[in-house]
Amino acid sequence: MSSDTTSTTEPNPALRDGPKVPPEQSVLGCKDVTKTFGAVTAVDDVSVGIDEGEWISIVGPNGAGKTTLLNILNGFYDPDPGGQVYLNGEDVTSLKSFKRARRGLGRTFQGLELFESEDVLENVMTVRAVKDHPNLLEALAFYGPGRKTEAQNMQRVEEVLDYLELWEYRHSEIAGLPLGIRRRVDLARSLVLEPDVLLLDEAMSGLTFDEKYDMIRFITDLHEQENLTLVMIEHDLEVVTDVSDRMLVLQKGGIIARGPPGDVVEDPEVRRVYTGVD
Amino acid sequence: MPCGEYFTSYGSRMGLFRWRTQRIALVLGLPIPFLAPLAVQGGLLSTITQIYIFAIAVLGLNVILGYAGEIVLAQGAFMAIGAYATSQILADGLFGVQIGLLPAIMVGGVFAAFVAIMFGIPSFRVKGFYIAISTLALQFISEWFFNNGQLEWIHGGTQQTIPFEVGLVGQWFTITGTDMELYFISLVLMLLFALISLNLSRSGMGKVFRAIHDNDLAAGVLGINVFRNKLLAFAIGGFMIGVSGGLFGYYIGFISPDYFTLDLTLQHYVMLLFGGLGRVWGALLGVGIVTIIQEFLRGFLQSVAANATSLEPVFFGVIIIVVLAVEPKGVLAALGQLKDYLRKWPFAY
Ligand SMILES: Nc1ncnc2c1ncn2[C@@H]1O[C@H](COP(=O)(O)OP(=O)(O)OP(=O)(O)O)[C@@H](O)[C@H]1O
Ligand SMILES: [Mg+2]
C-alpha cells in the first residue's frame, strides 16, 4: 500500500505517534504503563487507546511483553506505580480482574487455562454462572428463580456452543480434545460473559491451517455481527495484516510502531525486528 | 439417530434423577431407611444413626475438599465447636431463651462456620499446603482449648452431660432421646444436607467452586470472585460439620474433647476418599461401608486381645493406600466401571 519509496528505507514518522484515542476516553486503554519483574522490564512506558468497535492486533517477537500488556489491561497484574488503565472511559487501575471481567472485558489465554477436570459444557456454564446466578438460598434449594436462572444460562450457553460449532463436543473431557477445539472452548468461555471488549492471546498459535481458518472466521463474524472490540495478540504477521484495523508492534516492552497494518508491515524498522528474529 | 442421552427440556436435563432407572431406584429405595427401624433395633440401629450423623460431617468436608479443593484438617475442631455450643445452648438457653434442639444445633453450626471462615481467610494469599497446616493448628488449639479447665467460663466445662429431654423446637415437641427419635432426626437431617450438597453441585455455585479448584487464576480473570467463593465453601462446609458435631453430642449425651481428636479427622478423610471425592452418593456410601467394616473389625480385634483395638488406625492407613492405588476416584467410580463392563459383557470393546 505504501506509495512513496522513501518509506521503505526511512522509518515512517506517522507510525511513531502516540495513541490514536486518548486513553482516558477509550473503550480500553492504558497510560504510561511500565511493568518490571526484578531486573526485567517486560512492558516499558506504554500508552494505548482503543476505540469502540476497533480490531487491534498486537504483534512482536517472543518475550516482547505482549502477554504482560494484556495481563495489565485485564488486571491480572498491577502496573508499576504511575501507570493507569482505563475501561469504558473509567480509571480501573485498582479494580480487581474479576470486576473488570464483569464490566465487559473478556479474554482468552495463550496457555488455554481451561478447567481440565470438567467437560466442555461445564467449562462454559461455569463462567456463564458469573453473569447470572441465583443467590445462596436459591442455589441450595435449587427451586423457583434459581432453577429458572440455570435454565436460561443453559440456553445462552447452548447458543454460544452452537455458534462456535462445539455442540458435538459438549460432553467431551477437555484433556482428549485437539488443540483447535480447546482454543474454541476457551473462546466460548469468554463469550458467554457477553463482553464488549475481547482480548485474544495468540488464539491461533499451534493450530493447523484449517483450524486457523475456522478461528479467523469465527472471530471475523463476531467482530462484524456483535460489533465486538477486539485486541488480538498474534505472533504471525500475515494472519492479522488483512483483518485488523490497526496494528501495534511491541519490542522489548516498548511500542516501536503503530498504525494501519499495511503501512506497519512495510516499515523498515518493523521489518528489521521481524527479519532479525524470525 | 440420536443415541446416548437425549433430553427434551432444560428442566429434565438438570433434574437430580434424570433416568427412569434412577427414579425407580428412588421410589423403591427411599422408604427403606424410613422402614428400617421396624426390622432393626438396639446396637445396629444406633450404629446406623451414627452413620447418618457422620455422613453430614463428611458431606461438609466434601464441600470444602471435594468441591473447593482445600485441604482442611480440622474436622474434629469444627465438630467440637458445634457440640459444645449446642450443649451450652441446651443448658443455658440462647440469651436465656430455650430454643430447642434443632435451632441449638443450627446455631452450633453457625459458630463452626464462623471459625471456618476465620481460618479460610489466609487462603486468599496462601495455597493448599499452608491451609492444611493452619487448620491442623486449629485442630490442636481446639484440643487444648476444650481440655483446659481454666477456660470453663468460655466452653462451659471440659466434659459435659447433655440432657436428653429437650424440645425439638423451642419447648415444643419434647423428645426424650430414644433410639428411634435419634434415628429419625439424624436421617432427616442427613437427607436434607445430602439434597443441599447435590443442589450445590449442580448449581452455578458448585461449578464455580470446582473451577476455582481447577484453575483459580483463570477463574479470577473470567469474572469469578475467588476469595468470596472460597470463604463461602469454608462457611457451608464448616456449618455442616458443626451441625454434625452438635447432633453427635446429643446422640452420645455426653461430650468430651476425646471424641473430637485428629483421629476423627483422619477417619472422615478415609470415608470420603473411599467413597470418592466430590460425589455426594460416594460420600454416603463411604461413611456407611467404612463404619460397618470398622464395627466388625473392632469386634474381631476385641475377641483376639483386649488391647488389639489400638490397631484400628492401621486399618485406616491400609484403606487409604489401597483406595489410592486401585481407584483414586473411590468405590462409586469403580462401581461405574463395573457397570460399564457388565453392560458390554461378553464383548470386550
Ligand atoms: N510473571 C513473570 N515473572 C517474571 N518475568 C516475567 C513474568 N511474566 C513475563 N515475564 C518476562 O517478561 C517478558 C515479556 O513476557 P511476555 O510473556 O509478556 O512476552 P510475550 O510477548 O507474550 O511473548 P510470547 O510471544 O513468547 O508469548 C519476558 O522476558 C518474560 O520472561
Ligand atoms: Mg505471550
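Residues numbered from 1 in each chain as written. Chains lettered and ligands numbered in written order. Predicted model: local features only at pLDDT ≥ 70, side-chain atom pairs only at ≥ 80, totals over all residues. Heavy atoms only, no water.

## Some points on the packing of aromatic side chains
Here's step 1: What the rule picks out here adds up to 14 aromatic pairs over all chains.
Here's step 2: Between B:Phe145 and B:Phe146, the aromatic rings sit 4.8 Å apart at their centres with planes inclined by 80°, giving edge-to-face as the arrangement.
Here's step 3: Each ring, one from B:Phe248 and one from B:Phe260, has its centre 6.1 Å from the other, and the planes form 80°; the classification is edge-to-face. Separated by 12 residues along the polypeptide, B:Phe248 in helix α12 (residues 226–252) and B:Phe260 in the loop between β4 (254–255) and α13 (262–275) bring together distant segments of the chain. An identical accessibility class is assigned to B:Phe248 and B:Phe260; each is buried.
Here's step 4: An aromatic cluster is defined as three or more aromatic residues linked by ring pairs; in this entry it consists of B:Phe54, B:Phe248, B:Tyr251, B:Tyr259 and B:Phe260.
Here's step 5: Seen from the ring of A:Trp167, A:Arg170 lies directly overhead, with NZ or CZ sitting 4.0 Å from the centre.
Here's step 6: The positively charged end of A:Arg217 is found above the aromatic ring belonging to A:Phe218, 4.8 Å away from the centroid. (Phe/Tyr/Trp six-rings, centres within 6.5 Å; stacked < 30°, edge-to-face > 60°. Helix = DSSP H or I, 4+ residues; strand = E, 2+ residues; numbered from the N terminus. Buried < 20%, exposed > 50% of the residue type's maximum accessible area, 1.4 Å probe, protein only. Lys NZ or Arg CZ within 6 Å of the ring centre and 35° of its normal.)

## Details of the domain arrangement of chain A
Residue and element names in this part refer to chain A.
Here's step 1: Per the domain assignment, the segments of chain A are domain 1 (20–104 + 197–203 + 228–278) and domain 2 (112–194).
Here's step 2: Between the C-alpha centres of domain 1 and domain 2 the distance comes to 28 Å.
Here's step 3: Across the boundary between the two partners, domain 1 contributes seven residues, which contact six residues of domain 2.
Here's step 4: Summing both partners gives a buried area of about 460 Å² for domain 1 against domain 2, and 67% of it is carried by carbon and sulfur. (Domains from an automatic or database assignment. Contact = heavy atoms within 4.5 Å. Buried area = accessible area lost by both parts, 1.4 Å probe.)

## Considering the coordination of the magnesium ion (ligand 2)
When four donors bind a metal tetrahedrally, each ideal donor-metal-donor angle is 109.5 degrees, and when six bind octahedrally, the ideal angles are 90 or 180 degrees.
All names here are of chain A.
Here's step 1: With distances of 1.8 to 2.2 Å, the protein atoms coordinating the magnesium ion (ligand 2) are Thr 67 (OG1) and Gln 110 (OE1). Separated by 43 residues along the polypeptide, Thr 67 in helix α1 (residues 66–73) and Gln 110 in the loop between β6 (105–107) and α3 (120–131) bring together distant segments of the chain.
Here's step 2: Thr 67 sits in the partly exposed class, given a relative accessible area of 25%.
Here's step 3: Owing to a relative accessible area of 34%, Gln 110 belongs among the partly exposed residues under this scheme. (Donors = N, O, S within 2.8 Å, 3.2 Å for Na, K, Ca; no water.)

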